[in-house]
Amino acid sequence: MSVEGVQEKAIPVPQKRGMLSWRALFYRPRGDGPLKRLLIHVALWVACLIALYPVLRVVSISLRPADRLLTTSLAIIPQDATLANYVELLFGRPGRPTPFYLWIWNSLLITLTTATIGLLLSATAAYAFSRFRFPGRNAGMIFLLSTQMFPAAMLLLPLFLMIARLGLINQYLGLVIAYSVTAIPFSIWILRGYYDTIPRDLEEAALIDGASWLQVLWYIIRPLSTPALAIVFLFNFMSSWNEYIVARIILNKKEMYTWPLGLWTFTEQYTVLWGKFAAASILVALPVTLLFLFSSRWLISGLTLGSVKE
Amino acid sequence: MGALTPEIIMRSLQQVSLAVVLTAITVLVLEVHVYLLFFRRPRSLPSALFTRAFQGVGGAFLAVLSLYLLHRIGLIADIVKASPSLSWVLLPERLWRAWTDLVPSPFSLVLLYVVLIVAAGLIYAWGEPRPSRLGLAYVLILPALIGISFLIIVPFLYEVRLAFSNMAMYTAQNPKFGLKYGIENFVKVFTGPVAKNATFFEVFMRTVLWTALNVTFHVLGGLVLALLLNRHMRLRGVYRTILVLPWAVPATITAMAWRNEFDYRYGFFNILLGRMQNFFADLAARTASTPLVFDLFQWLAQNVHPVPWRQDPKWAFISVVMTNVWLGIPFMMVVILGGLQSISREYYEAAEIDGASAWQQFRHITLPLLRPVLVPATILGTVWTFNRFEIIYLVTQGGPQEKTDILVSSLYKAVFQFYRYGFGAAFALVIFFILLLWAVFYLKVTKGLKGVYE
């Protein structure tokens, strides 16, 4: 950021506050002509359109009335737009209660447990990897990175057999275990990168003042690393919240379905309930997407920190 | 399907919290004992006898317990069954049964923890502090280590054993293990069909194509967008937010949405192509008097037409690649943008003074300085794309006739649709070694290239 500040001082900016001419709209300091600036904006507009349009199509489908689901219209707001799909999803029909909240509850329960466990395990392990030079440390780091190499599909079979033999099929616990552990290596890697940037002087000072290691961890490291911890929590939350394949293998009781499994049931029926599927998608995706966009800045800094280090 | 009732909430909460609390207590007790092992030294001879005896017995019991767990999950079940001399592996089960016979249910567990905690207290009280630096590291890593070893290392070993078995749908309960089954499995991977029709090499070539296409487009698209965004301009935040959207929306949903858009009649792409065809036909009709222009529009009207996305293997493959490219660009864009922002402006200013062109600046400043970001991102991106089968599974389900399957999606089918467990394990190992070889190769090559740049 400081680099950008220097840049702004070095080149005087021909810009008046509050004056929004089209030139000001495409302002750029490094001496590009207006045509180039215009082209850049046009290119970005096109890219945004491509990024946005498929999502808007889902919104469009969710607003269609049931008899108009199949249409060759490309309009985003359909004719006779209706919220009937949302109403049915949220409040159910008489005699047919909606399973939507059940799916959300199951997903929330599994995901929050997973993210918390994953965070606790990876935060402590990452701290050890960052601060101690114990035998096996480098091998451990390389091992953690190489676990990213395992295809998820590859460990699925033994995991499935193990979970089946331990009687954890159709148990929340089976999913919690599978999710939290697959998330740990990556979390450790990111958190270690962050801990490495925290100077050791603080801890050493506290230790000299007679604090125990646990106190150092809780009162110094935890507050300082809150952003990274939030990133990792969010990352774990997102990956298990959206997970479909493992859930499909481990859960087969409808009562236990998480939302990706539940949504899929809309498409497995005799007539595909696209309207309900789309409405449910929007309802599920909206909070997660907002959360992601809101936190993406930190998520990104965490990702680059974790990958650039070493 | 039913509604969410308070009863379900209570039951599920009870199930999860009981399991979590039990696990947490067990791990904590274990942690306390590991801590004592490193940080407390017994003060007198009797305390030393007690401490070391307890720790020795405890350690041995833990080892037996781990073996017992391996037995329970089936990894070494057949070996234990075959040789009576290994029956001590079942000791934890027998002890536990005897213990629960003696003490009724909830107390049997509570009493066990009380004993363990009291023992910890005694070891602490009869000992003196011992400075240990690395002890803390092991204490901190232990929970993650237990988790990883039981859910990554053990499954991997399990996979290796399964590869040498004849385990399938009908032999799932009593699989036979042996070298001959292993050889059979590995031979089948390379000679027989991997799922139902497709052969290994066909699917492998498709996987390579899939990975290469995706990663190329991801990196190129991400690089272009990041370069466009890496400047002062209005609406930058808005652009960035919108462009991240494909990454932010859950892929389960967007993959399904894209699947819809490939419908022959009602999907977006065919509607668009149909309209373009009409448009060109219209233009051709209007320009019928001008020969060259007419020919062009005529040609366009004949060649732009709705496409059988789901039925034609070629178009089905293009449809999955399109979906995954759309999904993957934002990640690369964001990572590269982070890398670009860390490059100091001064380099460019110096280059401009020296009269370097925009391309030269890009080639000799941006690219080399982006390397530390690009190399790991590309490695990870390649591995992720190679392994990313949920998109294929959700968009085409590998169809038509397994013509869009990649290695991992065929593996998934072989295991969970055709129940070929032993074969699937061998197949998985082959995939794993391909990835490993690639990673080693790539690391060597990029290290070699590093010298060229610096």
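Residues numbered from 1 in each chain as written. Chains lettered and ligands numbered in written order. Predicted model: local features only at pLDDT ≥ 70, side-chain atom pairs only at ≥ 80, totals over all residues. Heavy atoms only, no water.

Caption draft 1: Representation of the overall build of chain A in the model. Scanning chain A for helices and strands turns up 14 helices and zero strands. Seen in sequence order, chain A has helices and strands lined up from the N terminus as α-α-α-α-α-α-α-α-α-α-α-α-α-α. In chain A, buried positions account for 54% of the 310 residues. Intrachain contacts of chain A at a sequence separation of at least 6 include 67% that bridge at least 24 residues. Looking at chain A as shown, the accessible area adds up to about 14800 Å², and 68% of this sits on carbon and sulfur atoms. (Helix = DSSP H or I, 4+ residues; strand = E, 2+ residues; numbered from the N terminus. Buried < 20%, exposed > 50% of the residue type's maximum accessible area, 1.4 Å probe, protein only. Contact = heavy atoms within 4.5 Å. Areas by Shrake-Rupley, 256 points an atom, 1.4 Å probe, with all protein chains shown as cover.)

Caption draft 2: Structural view of the interface of chain A and chain B. Of the residues lining the interface, 114 residues belong to chain A; the matching set on chain B comes to 107 residues. In this assembly, chain A packs against chain B so that about 10400 Å² is buried in total across both faces, 76% of it on carbon and sulfur atoms. Taken together, the connections running from chain A to chain B amount to two salt bridges. In this structure, Arg-57 of chain A engages Glu-261 of chain B in a salt bridge whose closest nitrogen and oxygen atoms are separated by 2.8 Å. At the surface where chain A touches chain B, the tally comes to eleven residue pairs in polar contact (both at pLDDT 80 or more). With 16 residues, the single largest contributor to the side of chain A that touches chain B is helix α3 (residues 34-63) of chain A. The residue makeup of the side of chain A that touches chain B, split by class, is 79 nonpolar, 21 polar and 14 charged. (Buried area = accessible area lost by both parts, 1.4 Å probe. Salt bridge = Lys/Arg side-chain N within 4 Å of Asp/Glu carboxyl O. Polar contact = N/O pair within 3.5 Å; in protein donor to acceptor, adjacent residues only side chain to side chain. Nonpolar A, V, L, I, M, F, W, Y, C, P; charged D, E, K, R; others polar.)

Caption draft 3: A look at the confidence of the model for chain B. Residues of chain B with pLDDT of at least 70 account for 98%, and the chain-wide mean is 86. A low-confidence stretch, residues 448-454 of chain B stays under pLDDT 50, and its non-local contacts, those more than four residues away or across chains, total five contacts. (pLDDT = per-residue confidence, 0-100.)

Caption draft 4: Representation of the nonpolar core in the model. Among the nonpolar cores identified, the biggest contains 209 residues, and Leu-44 and Tyr-195 of chain A together with Leu-243 and Phe-427 of chain B are the most heavily contacted of them. Domain assignment of the residues forming this core places at least three in each of domain 1 (15-185) and domain 2 (187-453) of chain B. Each residue touching Leu-44 of chain A, except ones within four places of it in the same chain, is listed here: Leu-225, Leu-228, Leu-229, Met-233, Tyr-239 and Leu-243 of chain B. (Core = buried A, V, L, I, M, F, W, Y, C linked by side-chain atoms within 4.5 Å. Domains from an automatic or database assignment.)

Caption draft 5: Spatial organisation of the domain arrangement of chain B. Residue and element names in this part refer to chain B. Segmentation of chain B into domains returns domain 1 (15-185) and domain 2 (187-453). Domain 1 and domain 2 are separated by 45 Å when their C-alpha centres are compared. Contact with domain 1, which involves 13 residues of that partner, is made by 13 residues of domain 2. The junction of domain 1 with domain 2 conceals about 1100 Å² of combined surface from both sides, 69% of it contributed by carbon and sulfur atoms. A per-residue breakdown of the area domain 1 buries against domain 2 is headed by Glu-159, Met-169 and Asn-185, which together make up 42% of the total. In this assembly, domain 1 and domain 2 are joined by zero salt bridges. Linking domain 1 to domain 2 there are eight residue pairs in polar contact (both at pLDDT 80 or more).

Caption draft 6: Fine view of a nonpolar patch on the surface. Residue and element names in this part refer to chain A. Nonpolar side chains collect at one region of the surface, where Leu-35, Leu-38, Leu-39, Val-42, Val-46 and Ile-50 lie side by side and expose about 560 Å² of accessible area between them. Residue placement: Leu-39 occurs in helix α3. Overall, Leu-39 belongs to the exposed group, its relative accessible area being 55%. (Patch = residues over 30% accessible without salt bridge, like charges linked within 9 Å, V, L, I, M, F, W, Y side chains within 5 Å.)

Caption draft 7: Region of the structure containing the packing of aromatic side chains. Taken as a whole and assessed by the stated rule, the structure comprises 47 aromatic pairs over all chains. With a centroid separation of 5.6 Å and an interplanar angle of 50°, the aromatic rings of Phe-129 of chain A and Phe-134 of chain A are classed as tilted. Each member of the pair Phe-129 of chain A and Phe-134 of chain A is classed as buried. For the pair Phe-156 of chain B and Phe-432 of chain B, a centre-to-centre distance of 5.2 Å together with 65° between the ring planes defines the contact as edge-to-face. (Phe/Tyr/Trp six-rings, centres within 6.5 Å; stacked < 30°, edge-to-face > 60°.)

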